[in-house]
Amino acid sequence: MTITYKTKGTCSRSITFTKNDDGTITNISFEGGCDGNLKAISKLCDGMTAEEIAAKLKGNTCGFKNTSCADQLAKAVTQ
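These lines cover the structure that appears in this document, whether it is placed above or below.

## Overview of the side chain of Ser42
Of note, Ser42 is situated in helix H1 (residues 35-45). There is a polar contact of 3.2 Å between the side chain of Ser42 and the backbone oxygen of Ile28. From its side chain, Ser42 meets the backbone oxygen of Leu38 in a polar contact 2.8 Å long. Discounting chain neighbours no more than four positions away, the residues touching Ser42 are Ile28, Ser29 and Phe30.

As structure tokens, then:
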């Protein structure tokens, strides 16, 4: 199932990913934001479960913001 999540409080506007029947998350892509960093996060998280992604990325902040694109990914996959 392909899911698009509208981010809140970040430079990226949305995150699209596939949630597979086996519980893994693949095909992660961000719209907007820091292109190189978000491509790297997408590659590193590809094939992980939602729980694994959340354990690694939840609570990560960016600058003075209380969230980040990585934190928003953790929220998106666990919804």
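## Examining the sheet that holds strand E3 (residues 25-32)
Backbone hydrogen bonds are what pair the strands of a sheet, in a parallel or an antiparallel way. Strand order in the open sheet made by the three strands is E1-E2-E3, with antiparallel pairing throughout. Where the open sheet ends on each side, the last strands, each with one partner, are strand E1 (2-6) and E3. Taken over all neighbouring pairs, the strand axes of this sheet differ in orientation by 20° on average, direction set aside. Alignment of strand E2 (residues 12-19) against E3, held across six bridges, turns out to be antiparallel. Bridged to Ser14 within E3 is Glu31.

## Here's the deal with unusual backbone geometry
One non-glycine residue, Asn27, adopts positive backbone phi at about 55°. Relative to the elements of secondary structure, Asn27 occurs in strand E3.

## Overview of H1
If you check which residues of H1 are buried, you get Leu38, Ile41, Ser42 and Cys45. Looking down the long axis of H1, one finds its buried residues gathered within 100° of arc, a one-sided arrangement. The exposed residues of H1 that point more than 90 degrees off its buried face are Gly36, Lys43 and Leu44. Those residues of H1 that are buried are in contact with E2, E3, helix H2 (50-57) and helix H3 (69-78). Of the residues flanking the end of H1, it is Gly47, one or two places downstream, whose phi is positive at about 95°.

Conventions we followed
Residues numbered from 1 in each chain as written. Predicted model: local features only at pLDDT ≥ 70, side-chain atom pairs only at ≥ 80, totals over all residues. Heavy atoms only, no water. Helix = DSSP H or I, 4+ residues; strand = E, 2+ residues; numbered from the N terminus. Polar contact = N/O pair within 3.5 Å; in protein donor to acceptor, adjacent residues only side chain to side chain. Contact = heavy atoms within 4.5 Å. Pairing = 2+ DSSP bridges. Axes fitted to C-alpha atoms, helices over the stretch in contact; angles between N-to-C directions. Buried < 20%, exposed > 50% of the residue type's maximum accessible area, 1.4 Å probe, protein only. Arc of directions from axis to C-beta.

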